[in-house]
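These are the residues of each chain, in order.
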Amino acid sequence: MKVASGEWQIGCLLAVIFCAGCGRPTTERAQNQFFGRFETFGSFGTGAGQFNKPRSVAVDGAGNVFVVDMTGRVQRFDESGPYLGAWQAPETTLGRPKGMGVDADGHLMLVEPHYQRITHFNAAGKPIRIWGKRGIAPGELEFPRAVAADAAGHLFVCEYLQVQRIQKFDLQGHFLKAWGAEGSAPSEFRRPEGIGIDKDGNVYVADSCNHRVQKFTNDGVFLSEFGRPGIAPGELSYPYDVKVGKWGKIYVCEFGNSRIQVFSEQGVSEEIIGGSGAGEWQFRNPWGIALDREENLWVADSMNHRIVKLIRFRSTHAGSALPDESGR
């Protein structure tokens, strides 16, 4: 039986709702095959280095870490943790930003869903470029949620509400391609929330209310999918973000299960990190993730009002993992 668009959106929203001191505590976890240490940054509040439900995190090639939260601020940190500055999103009356990425020029891209636009900033918070037009026609935006860039400079944006789709743009925001529709078949979506790009330019979509990740070519040809509702390895609950590392590992941020799950290139679950809680190696409704240049994983741990940095073991190209020389 086909469910009306409004019905599944309300059901998804209700399910998400019901899922629901500064410092850097660090702990070792020898049994973890990808990450050896767990660090946290921030606490609840509106001051410098504090967070109110951080929603997205991004890391640029220079090691700047950007975090946006429900205050509408973008805060910038050094990758070792120190606070470097902040700026406010241009407008927040209609709603707050959600979703960030880094473009081919190294600029931060901020998604403003309620204003149907993408704003590019330099590291100091100066707007470089703004694009996007409200609407559902090709090239227009309807409640965008995430943005990602490939190595060639193409930009990919996921949207939901009246349209459930992925759109491809050039670096200036000119429309190139669109695919997707509402549903649960291949190339269909129900609230796509996150996008990741692999080294070959393939596009991965966190199809949140279908509890799966879909993989496409750079031009939108469906390749594969993995995930189904549940808590067992390989199962997903409201995946809100997906990122792909340089050795092909796929990292999925599960809002519903409050965990990070690591998959192989073939979509086979290899490790589960976390579970609901506020302690070490735990999360509460994480919203977004980012990989830095050393493939450490940064997590916007929303309901714990903090950012988590999972520091990986040094990995060889063959995939084996050993602690690096600095103990990280």
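Residues numbered from 1 in each chain as written. Predicted model: local features only at pLDDT ≥ 70, side-chain atom pairs only at ≥ 80, totals over all residues. Heavy atoms only, no water.

**What about the overall build of the protein?**
Thinking step 1. Along the protein, the regular secondary structure elements total one helix and 29 strands.
Thinking step 2. The buried share among the 328 residues of the protein stands at 58%.
Thinking step 3. As displayed, the protein has an accessible area near 13000 Å², and 53% of this comes from carbon and sulfur atoms. (Helix = DSSP H or I, 4+ residues; strand = E, 2+ residues; numbered from the N terminus. Buried < 20%, exposed > 50% of the residue type's maximum accessible area, 1.4 Å probe, protein only. Areas by Shrake-Rupley, 256 points an atom, 1.4 Å probe, with all protein chains shown as cover.)

**Points about the nonpolar core**
Thinking step 1. Of all hydrophobic cores here, the largest spans 16 residues; its most connected members are Phe 35, Ile 260, Ile 273, Phe 283, Leu 297 and Leu 310.
Thinking step 2. One finds Ala 146, Ala 148, Phe 156 and Ile 166 within the second-largest nonpolar core, a separate group that totals twelve residues. (Core = buried A, V, L, I, M, F, W, Y, C linked by side-chain atoms within 4.5 Å.)

**Considerations on the sheet that holds strand S11 (residues 144–149)**
Thinking step 1. Pairing is antiparallel across the open sheet formed by four strands, whose spatial order is S11-S12-S13-S14. Taken across any chain shown, the strands that pair with only one partner, and hence form the sheet edges, are S11 and strand S14 (175–179). Across this sheet, the average inter-strand angle for adjacent strands is 20 degrees, counted without regard to direction. (Pairing = 2+ DSSP bridges. Axes fitted to C-alpha atoms, helices over the stretch in contact; angles between N-to-C directions.)

**With respect to the packing of aromatic side chains**
Thinking step 1. All chains considered together, the criterion is met by 18 aromatic pairs.
Thinking step 2. With 5.5 Å between their ring centres and 85 degrees between their planes, Phe 143 and Tyr 160 make a pair best called edge-to-face. Of this pair, Phe 143 sits in the loop between strand S10 (127–131) and S11 while Tyr 160 sits in the loop between strand S12 (155–159) and strand S13 (165–169), and the two are 17 residues apart along the sequence.
Thinking step 3. Owing to a relative accessible area of 12%, Phe 143 belongs among the buried residues under this scheme.
Thinking step 4. For Tyr 160, a relative accessible area of 9% translates into the label buried. (Phe/Tyr/Trp six-rings, centres within 6.5 Å; stacked < 30°, edge-to-face > 60°.)

**Points about the confidence of the model for the protein**
Thinking step 1. Scored by pLDDT, the protein has a mean of 89; 86% of the residues are at 70 or more.
Thinking step 2. Across residues 1–11 the pLDDT falls below 50, and counting only partners more than four positions away or on other chains, this stretch makes twelve contacts in the model.
Thinking step 3. Segment residues 13–28 is flagged for pLDDT under 50; beyond a separation of four residues in sequence, or across chains, it makes 34 contacts in the model. (pLDDT = per-residue confidence, 0-100. Contact = heavy atoms within 4.5 Å.)

**Comments concerning unusual backbone geometry**
Thinking step 1. A positive phi is found at Tyr 238, a non-glycine position, where the angle reads about 50 degrees.
Thinking step 2. Along the chain, Tyr 238 falls in the loop between strand S20 (222–226) and strand S21 (239–244).
Thinking step 3. According to the relative accessible area criterion, Tyr 238 is buried, its value standing at 10%.
Thinking step 4. At Trp 281, a position not held by glycine, the phi torsion is positive, near 60 degrees.
Thinking step 5. Here Trp 281 is to be found in the loop between strand S24 (269–274) and strand S25 (288–291).

**Points about the environment of His 305**
Thinking step 1. Looking at where His 305 falls in the secondary structure, it is placed in the loop between strand S26 (297–301) and strand S27 (306–312).
Thinking step 2. Leaving out residues up to four positions away in the same chain, His 305 has contacts with Gly 42, Ser 43, Phe 44, Phe 51, Asn 52, Lys 53 and Pro 54.

**Overview of the pairing of strand S17 (residues 192–197)**
Thinking step 1. Along S17, six of the six residues are buried, which leaves the element largely enclosed by surrounding structure.
Thinking step 2. Here S17 pairs with strand S18 (residues 203–207) via five bridges, running antiparallel. The partner of Ile 197 across the bridge, within S18, is Val 203.
Thinking step 3. The hairpin formed by S17 and S18 contains five residues between the paired strands, and Gly 201 there has a positive phi angle of roughly 85 degrees.

**Considerations on the side chain of His 305**
Thinking step 1. For His 305, a relative accessible area of 14% corresponds to the buried category.
Thinking step 2. Within polar-contact distance, the side chain of His 305 engages the backbone nitrogen of Lys 53 at 3.1 Å. (Polar contact = N/O pair within 3.5 Å; in protein donor to acceptor, adjacent residues only side chain to side chain.)

**Describing the environment of Ala 104**
Thinking step 1. Note on placement: Ala 104 falls in the loop between strand S7 (100–102) and strand S8 (108–112).
Thinking step 2. Considering only alpha carbons, one finds Ala 104 and Gly 153, 49 residues apart in sequence, at a separation of 5.0 Å.
Thinking step 3. Those residues in contact with Ala 104 that sit more than four places away from it in its chain are Ala 149, Gly 153 and Leu 171.

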